[in-house]
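Reading the structure
Below are the chains, spelled out letter by letter.
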Amino acid sequence: GLQSTIDEMSGVLHCEEGDYNTAHSYFLEAFEQLDALEGNAEKKKEDSSSSAGASGGKSESKSAEGSSALKCLKYMMLCKILDNL
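Residues numbered from 1 in each chain as written. Predicted model: local features only at pLDDT ≥ 70, side-chain atom pairs only at ≥ 80, totals over all residues. Heavy atoms only, no water.

1. Points about the overall build of the chain
To keep it simple, the criterion reads: Numbering of helices and strands starts at the N terminus; helices are DSSP runs of H or I of at least 4 residues and strands are runs of E of at least 2. Any residue under 20% of the maximum accessible area for its type is buried, any over 50% is exposed, and the rest in between are partly exposed; the area is computed with a 1.4 Å probe on protein chains only. The criterion used for residue contact is that any of the two residues' heavy atoms lie within 4.5 Å. Here the Shrake-Rupley method, with its probe set to 1.4 Å, supplies the accessible areas, and only the displayed protein chains count as covering residues.
The number of helices and strands found in the chain is three helices and zero strands. Mapped from its N terminus to its C terminus, the chain presents α and β elements in the order α-α-α. When burial is assessed residue by residue, the chain has 21% of its 85 residues classed as buried. Long-range pairs, those at least 24 residues apart, make up 62% of the contacts in the chain between residues at least 6 apart in sequence. Split by element, the accessible area of the chain, about 5600 Å² in all, is 55% carbon and sulfur.

Okay, structure coming up:
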């Protein structure tokens, strides 16, 4: 949601300032929030598809939110690498 976007932007700003440890913390917060949102969306899709008997469209919301969580995870790894240089 909105808070994960704010945390991601804060992480980017801290990266630009060279504060990779704080940036990692912000990306971690954003990742956890996006991962939870993805899990809730996936559970709702499974519940609705099991009652309706159709599984189409499940990957659409997963790929949109999954890509944001994956992007934060990549930023976290990059911050750890840059922090140790």
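2. Re the state of the cysteines
To keep things clear, this is the line we draw: Here, the term disulfide refers to a pair of cysteine sulfur atoms separated by no more than 2.5 Å.
Counting across every chain of the model gives zero disulfides. The closest cysteine sulfur to the non-disulfide-bonded C79 is located on C15, 3.4 Å from its own sulfur.

3. Examining the side chain of S4
Worth spelling out the cut-off: We call two N or O atoms a polar contact when they sit within 3.5 Å, provided that within protein one can donate a hydrogen and the other can accept it, with sequence-adjacent residues counted only if both atoms are side-chain atoms.
Looking at the element boundaries, S4 is found in helix α1 (residues 2-17). A distance of 2.7 Å separates a polar side-chain atom of S4 from the backbone oxygen of G1. The contact partners of S4, leaving out residues within four places of it in the chain, are A30, Q33 and L34.

4. A short note on the side chain of D7
Counted only if it meets this: In this charge count, Lys and Arg are treated as positive and Asp and Glu as negative; neither His nor the chain ends contribute. Each reported salt bridge corresponds to a side-chain nitrogen of Lys or Arg within 4 Å of a carboxyl oxygen of Asp or Glu.
As for its position among the elements, D7 is in helix α1. No salt bridge is formed by the buried D7; the nearest opposite charge belongs to K71, separated by 14 Å.

5. What to know about α1
Our working rule: A helix is expected to reach a length of 1.5 Å times the quantity of its residues less one. Working note: the arc is built from the helix axis to C-beta atom directions.
Between its first and last C-alpha atoms α1 spans 23 Å; for 16 residues at 1.5 Å apiece the expected length is 22 Å, and the two agree. Restricting attention to buried positions, one finds in α1 the residues S4, D7, E8, S10 and G11. Each buried residue of α1 sits inside an arc of 160° when the element is viewed along its axis, so together they form one side. Residues of α1 that are exposed and point over 90 degrees away from its buried face: L2, M9, L13, E16 and E17. At the exit of α1 stands G18, carrying a positive phi of roughly 90°.

6. Focus on the pattern of salt bridges
If charged atoms from side chains of opposite charge come close, those side chains can pair. Scanning the model with the defined rule gives one salt bridge in all. We note a salt bridge from E8 to K71, for which the minimum N-O separation is 3.1 Å. Of the two residues, E8 sits in helix α1 while K71 sits in helix α3 (residues 58-83), which places them 63 residues apart along the sequence. E8 sits in the buried class, given a relative accessible area of 14%. A residue is classified by how much of its surface remains accessible, and K71, at 38% relative accessible area, is partly exposed.

Take it as geometry only, folks, not as evidence of what the structure does.
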